[in-house]
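Structural features, examined
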Amino acid sequence: MNAPVPPQPSLPGPDSDDGNGAPPLQPSSHRALPLGEDMEVWKRVVDGAPERVLRIVEQESAAQIEIQRAESLRRFQLDQHQMRMDIINFRFRVGGAIFGASAFVGVLLLAKYFIDHGAVAPAAGVLSAAVAAVGALVFGARRGK
C-alpha cells in the first residue's frame, strides 16, 4: 500500500514579499505544527505520526528553553565576575591613594626633621624631589588616559 506523502506547506522566507504589501514574516524560534488535514494524512500513512510530531516539537522546545537558561546563567556569571573585578579595582585605587598620601606625609615629616635640625639644604632637596615626583605622577596619569 503506497499512500502519497502530503506536501509540506512552505512558509515565505524572511526576504520574500507576498505582493500585497504585507511585511515579510520574521523567523520564529517555534516550529510550525502541520495543519489538521495534513496530520490526518500522516496518521493514515504512519501509525502514531501525530504523537511523534508533538514529541519532536516538545523536545525542540525543551532544548530551546535549556539553551536560553544556559545563556542566562552565563550572563549572570559574567555580571558577577565583572562586579568582583570592579570591587578589586576600587580597592587597589583606594590602597594606592592611601599609600601615596602616606609616602607624601613621610617626605614632609622628613623635611620637617631636617629643618628642625638646621639642615635646610637637604630639606629643600627632599621637598623639591617630592614635588617633582608628585607632579610626574599627576601629569603622567593624565597623559596615560
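A short tour of the structure in this document, coming up. (Residues numbered from 1 in each chain as written. Predicted model: local features only at pLDDT ≥ 70, side-chain atom pairs only at ≥ 80, totals over all residues. Heavy atoms only, no water.)

Quick word on helix 2 (residues 49–116)
Helix length check: helix 2, at 68 residues, gives a terminal C-alpha distance of 100 Å against a target of 100 Å (1.5 Å per residue), a fit within 8%. Gly118, located one to two residues past helix 2, shows a positive phi value of around 85°. (Helix = DSSP H or I, 4+ residues; strand = E, 2+ residues; numbered from the N terminus. Expected span 1.5 Å × (residues − 1).)

Examining the pattern of salt bridges
All told, the structure shown has 4 salt bridges when counted by the stated rule. Connected via shared salt-bridge partners are Glu71, Arg74 and Arg75. (Salt bridge = Lys/Arg side-chain N within 4 Å of Asp/Glu carboxyl O.)

Thoughts on the packing of aromatic side chains
This structure, assessed with the given rule, holds 1 aromatic pair. Here Tyr113 and Phe114 contribute two aromatic rings whose centre-to-centre distance is 6.3 Å and whose plane-to-plane angle is 55°, an arrangement assigned as tilted. For Tyr113, a relative accessible area of 47% translates into the label partly exposed. Among the residues examined, Phe114 registers a relative accessible area of 22% and is labelled partly exposed. (Phe/Tyr/Trp six-rings, centres within 6.5 Å; stacked < 30°, edge-to-face > 60°. Buried < 20%, exposed > 50% of the residue type's maximum accessible area, 1.4 Å probe, protein only.)

A word on a nonpolar patch on the surface
A cluster of nonpolar side chains, namely Phe104, Leu108, Leu127, Val134, Val138 and Phe139, defines an oily patch on the protein surface of about 480 Å² accessible area. Among the elements of the structure, helix 2 and helix 3 (120–144) are those that each provide at least two residues to the nonpolar patch. Top element by residues in the nonpolar patch is helix 3. It accounts for 4 residues. As for its position among the elements, Val134 is in helix 3. (Patch = residues over 30% accessible without salt bridge, like charges linked within 9 Å, V, L, I, M, F, W, Y side chains within 5 Å. Areas by Shrake-Rupley, 256 points an atom, 1.4 Å probe, with all protein chains shown as cover.)

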